[in-house]
Amino acid sequence: MAANSSLRSSSAVSLVLILSTILSSGSSTRTITNYAFSIKEATIKDIKLAFERNQLSSRQLVEFYMEEISRLNELLKGIIEVNPDALLQADAADKERKYKEPCSLPDLHGIPILLKDNIGTKDKLNTTAGSFALLGSVVPRDAGVVAKLRKAGAIILGKASLSEWANFRSLNAPAGFSPRGGQGKNPYVLSATPCGSSSGSAISVAANLVTVSLGTETDGSLLCPASFNSVVGLKPTVGITSRAGVIPVTPRQDTIGPICRTVSDAVYVLDAIAGFDSNDEATRYASYYIPHGGYKQFLNSYGLKGKRLGIVRNPFFQIAEGLGLGQTFENHLQTLRREGAIVVDNLQIANIDVILNFTASGEAVATLAEFKLSLNAYLEELVASPVRSLADIIAFNLKFPDLELIDKIGQEIFLAAQATNGIGANESAALLNLENLAKNGFEKLMKDYKLDALVTPRSDVSPVYAIGGFPAIIVPAGFDSQGVPIGISFGGLKGSEPKLIEIAYGFEQATKIRKPPSFNP
Ligand SMILES: *[C@@H]1O[C@H](CO)[C@@H](O)[C@H](O)[C@H]1NC(C)=O
Ligand SMILES: *[C@@H]1O[C@H](CO)[C@@H](O)[C@H](O)[C@H]1NC(C)=O
Ligand SMILES: *[C@@H]1O[C@H](CO)[C@@H](O)[C@H](O)[C@H]1NC(C)=O
């Protein structure tokens, strides 16, 4: 109740800075132009412009977000830790901006960003995947993506909450819950799921607690919360962004990507974090996909023109129909056609039932073994840590049942992973099966019909992209009858980010469906 009444006053807090510029035309006529700028819903481009016009400083930006966090985070639980050095970083950015040409500064210069709590930072922030087991652990260095963000001048505002261990502890774990972060809430409908595991990243950008954020995806962890929180999630081709220094699930599928309010913000962030990192071998090969001049050039309002978009109705459109959103998505297909896309309807992905079944596809068998290997390798590399292996974490959970809610949540995924013993015959068979499912399913469909992207409601399609390391982007597409947001996703073959960005931006500019949350019960 108390939380609700404090929310009502929220609209008053929007910081509006108004600059009245008096333009003298040389004659006696004087024109007064008011540039109104609001931090709420501001894009990176808006903020850069406000910096250039001296309407805004990074310090004001960080102070605004800190105030909003102290007002709203108790309810939303989108953030685990705020960086004690964020204001220092803001002051440094403001100082640097004073003596450098605006065009010489990177796009993320002075922009606050929130990182999912599985992304390592070598600073005062902890990196814990939401678990008390890793509290006090010391990472050897910044994660590869964090090093790139710092180089781009971004301000690390803090760590976002998540489904503990990126949702790889137990099937009974509530989406968006971690012992350290508590239960993250969907800011549109508080009783609805925020989805996970990058829940806090999506909640926080949706509720304007930060400008932009990073999430991670193994299978749906970035796309699903973006869908449920009316924000844009961009899941890059595996290897385009470094996974070094990020608490892993499986290097075969893990990828780091932006969660932002707009496609253009997501693209600015991708430009900053994409590229080679000597600590992640996969970036060596995948950086071949990164276009000269970066991704910004594909923010093209006519990006849908001539694009071939595939529709697989079974089961994806049926899921939307079940939510009462069948007509919404039919209208979206009309919009895509109107904007010049060629919609290729009624397609099928071979073995789709198997691909969407974690057990049947082999994804479970392969991932359990890979998780144990890669998590143990991560823990061994830490400079200091209360736990050094998956076995230690399992023991920690049993020793501190109050903290870790062992009775309610359990840890059966951990136990199943602990029982694996490297990549044996079963795992090899599972890996081969996944490769064939991807090749004969999505990849074949895309090539047979010369498609640029597959279009689906929500993120239920995520295993299709996960098992092949394929990229996808999700954009706000509507709200159900309760007001819970839903996204539309566009997925493509490896390295197809330029096309996906054109398509997503074209759709977003033609529809502009996102609106800020109203915290309904
Ligand atoms: C990190 O965790 C330690 C406890 O180990 C705590 O004292 C510290 O405040 C945490 N850092 C931040 C930025 O919250
Ligand atoms: C998934 O596949 C397993 C067999 O591997 C089967 O037992 C289970 O019923 C399937 N689940 C669904 C939802 O079809
Ligand atoms: C491999 O899979 C088979 C069939 O599911 C199972 O009976 C066997 O125990 C597995 N082998 C190992 C080493 O896990």
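Residues numbered from 1 in each chain as written. Chains lettered and ligands numbered in written order. Predicted model: local features only at pLDDT ≥ 70, side-chain atom pairs only at ≥ 80, totals over all residues. Heavy atoms only, no water.

Enquirer: Requested: an account of the packing of helix α3 (residues 58-76) against helix α4 (residues 86-99), with residues and values cited.
Expert: The N-to-C vectors of α3 and α4 enclose an angle of 155°; their axes lie 7 Å apart at closest approach. The pairing of α3 with α4 is recorded here as roughly antiparallel in orientation. Residue-level contacts link S58, R59, V62, E63 and M66 of α3 to A86, L87, A90, D91, A93, D94 and R97 of α4. When grouped by side-chain class, the residues that make up the contact of α3 with α4 number six nonpolar, one polar and five charged. (Axes fitted to C-alpha atoms, helices over the stretch in contact; angles between N-to-C directions. Helix = DSSP H or I, 4+ residues; strand = E, 2+ residues; numbered from the N terminus. Parallel < 35°, antiparallel > 145°, perpendicular 65-115°, else oblique. Contact = heavy atoms within 4.5 Å. Nonpolar A, V, L, I, M, F, W, Y, C, P; charged D, E, K, R; others polar.)

Enquirer: Please provide a residue-by-residue account of the pattern of salt bridges, values included.
Expert: Evaluation of the coordinates by the stated rule reveals 26 salt bridges. Across the pair K48 and D107 runs a salt bridge, and its minimum N-O distance is 3.1 Å. Taken together, the residues K48 in helix α2 (residues 44-52) and D107 in the loop between α4 and β4 (112-116) connect sequence positions 59 residues apart. Across this residue pair, the class does not change: K48 and D107 are buried. Between R169 and E164 there is a salt bridge, with its nearest N and O atoms 3.1 Å apart. Shared partners join several salt bridges into a network, and the residues in it are K40, E68 and R71. (Salt bridge = Lys/Arg side-chain N within 4 Å of Asp/Glu carboxyl O. Buried < 20%, exposed > 50% of the residue type's maximum accessible area, 1.4 Å probe, protein only.)

Enquirer: Describe the confidence of the model for the protein, naming the residues involved and giving the relevant values.
Expert: Model confidence for the protein is summarised by a mean pLDDT of 93, while 93% of its residues fall at 70 or above. Residue range residues 1-34 is modelled with pLDDT below 50. Its contacts to residues more than four positions away, or to other chains, number 46 contacts. (pLDDT = per-residue confidence, 0-100.)

Enquirer: Which residues make up α2, and what values do they have?
Expert: Turning to α2, its buried residues are I44, I47, K48, A50 and F51. Looking straight down α2, one finds its buried side chains confined to an arc of 160°; they lie on one side. Where α2 terminates, the next one or two residues include N54, which has phi positive at roughly 60°. (Arc of directions from axis to C-beta.)

Enquirer: Let's hear about the packing of aromatic side chains: which residues, and what values?
Expert: Overall, the coordinates contain 11 aromatic pairs when judged by the stated rule. Residues Y288 and Y289 carry aromatic rings whose centres are separated by 5.6 Å and whose planes lie at 55° to one another, so their mutual orientation is tilted. The class for Y288 is exposed, based on a relative accessible area of 72%. Each member of the aromatic cluster is reached from another via a ring pair, and the members are W165, F168, F371 and F414. Over the ring of F51 we find R97, and its NZ or CZ is 3.5 Å from the ring centre. (Phe/Tyr/Trp six-rings, centres within 6.5 Å; stacked < 30°, edge-to-face > 60°. Lys NZ or Arg CZ within 6 Å of the ring centre and 35° of its normal.)

Enquirer: Pulling in residues and values, what's your account of the nonpolar core?
Expert: One finds L108, I119, L149, L214, L336, Y465 and F490 to be the most contacted residues of the largest nonpolar core, which totals 125 residues. Counting residues in each nonpolar core, the second largest holds 25 residues, with A133, W165, I247 and V249 among its members. (Core = buried A, V, L, I, M, F, W, Y, C linked by side-chain atoms within 4.5 Å.)

Enquirer: So what's going on with the state of the cysteines? Which residues, and what values?
Expert: One pass over the structure, following the stated rule, counts one disulfide. Each sulfur of the disulfide joining C195 and C224 lies 2.1 Å from the other. An S-S torsion of about 100° defines the bridge between C195 and C224 as right-handed. Pair noted here: C195 is in the loop between β7 (182-183) and α7 (199-206) and C224 is in helix α8 (residues 223-228), with a separation of 29 residues, a long-range link. Exposure remark for C195: the relative accessible area of 12% places this residue in the buried category. You can see C260 has no disulfide; the closest cysteine sulfur is in C224, sitting 17 Å from it. Looking at C260, the relative accessible area reads 0%, which means it is buried. (Disulfide = S-S within 2.5 Å.)

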